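Residue strings, one per chain:
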Amino acid sequence: MSIWWSLHLRREAASVPLARRLLIGTMETAGVDPEISYDLSVALTEACANAVEHGGNPAREGAVEAYRVTAYLDGEKCRIEVADSGPGFTRVQDIRPARVDAESGRGLCLIRELADHVHIGAKPGRGGGTVVSFDKILKWTKDPSLLTA
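Conventions we followed
- Residues numbered from 1 in each chain as written.
- Predicted model: local features only at pLDDT ≥ 70, side-chain atom pairs only at ≥ 80, totals over all residues.
- Heavy atoms only, no water.
- Buried < 20%, exposed > 50% of the residue type's maximum accessible area, 1.4 Å probe, protein only.
- Helix = DSSP H or I, 4+ residues; strand = E, 2+ residues; numbered from the N terminus.
- Pairing = 2+ DSSP bridges.
- Salt bridge = Lys/Arg side-chain N within 4 Å of Asp/Glu carboxyl O.

1. Observations concerning the pairing of strand E5 (residues 130-137)
Here comes step 1: Within E5, 7 of the 8 residues are buried, which leaves it mostly tucked inside the rest of the structure.
Here comes step 2: Pairing of strand E3 (residues 77-83) with E5, which is carried by 7 bridges, proceeds in the antiparallel orientation. Of the residues in E5, the one forming a bridge with Val82 is Val132.
Here comes step 3: Strand direction decides the pairing type here: strand E4 (residues 117-122) and E5, joined by 6 bridges, are antiparallel. Within the sheet, the bridge partner assigned to Ala122 lies in E5 and is Thr130.

What follows is the structure, given as structure tokens:
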């Protein structure tokens, strides 16, 4: 089975739970194990929150900005990509874990812990931005509703 979807969302806090609910609903319908779904939904939440907070382009003052979320469930793997139009990272290797008592800065480290493979890089093209993509091997429930409907 192969399922994919893509959302173009405003950089607003209200967009984050929308993306998360769509991912959870898709995985539940496809029959993905709830623990795997939860891990991926938390990772997606962190990536979306980063896009909302850091993904703007200061040169586009007053413009309504957006970010894109794409999810692929294909065979035994799920890949999620979150792309924004912010300034991006100058050196991805400089991302370090936040202090335990820090109120922010733990998102990318959490994504790395919850996913099997993570890639953080510059968005292709002239507009700039960052793409955070992560994969996880899927486990399945015994009775997926998509297959029994």
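2. A word on the pattern of salt bridges
Here comes step 1: Counted by the stated rule, this structure contains 5 salt bridges.
Here comes step 2: Linking Glu65 and Arg11 is a salt bridge whose minimum nitrogen-to-oxygen distance equals 3.1 Å. Placement of Glu65 in the loop between helix H2 (34-54) and strand E2 (66-74) and of Arg11 in the loop between strand E1 (2-10) and helix H1 (15-30) is noted, with a sequence separation of 54 residues between them.
Here comes step 3: Residue Glu65 is classed as buried on the basis of its relative accessible area, which comes to 10%.
Here comes step 4: For Asp135, the salt bridge identified is with Arg79, shortest N-O distance 2.6 Å. In this pair, Asp135 is assigned in strand E5 and Arg79 in strand E3, connecting sequence segments 56 residues apart.
Here comes step 5: We classify Asp135 as buried; its relative accessible area is 8%.
Here comes step 6: Connected through shared salt-bridge partners, Lys77, Arg79 and Asp135 make up one network.

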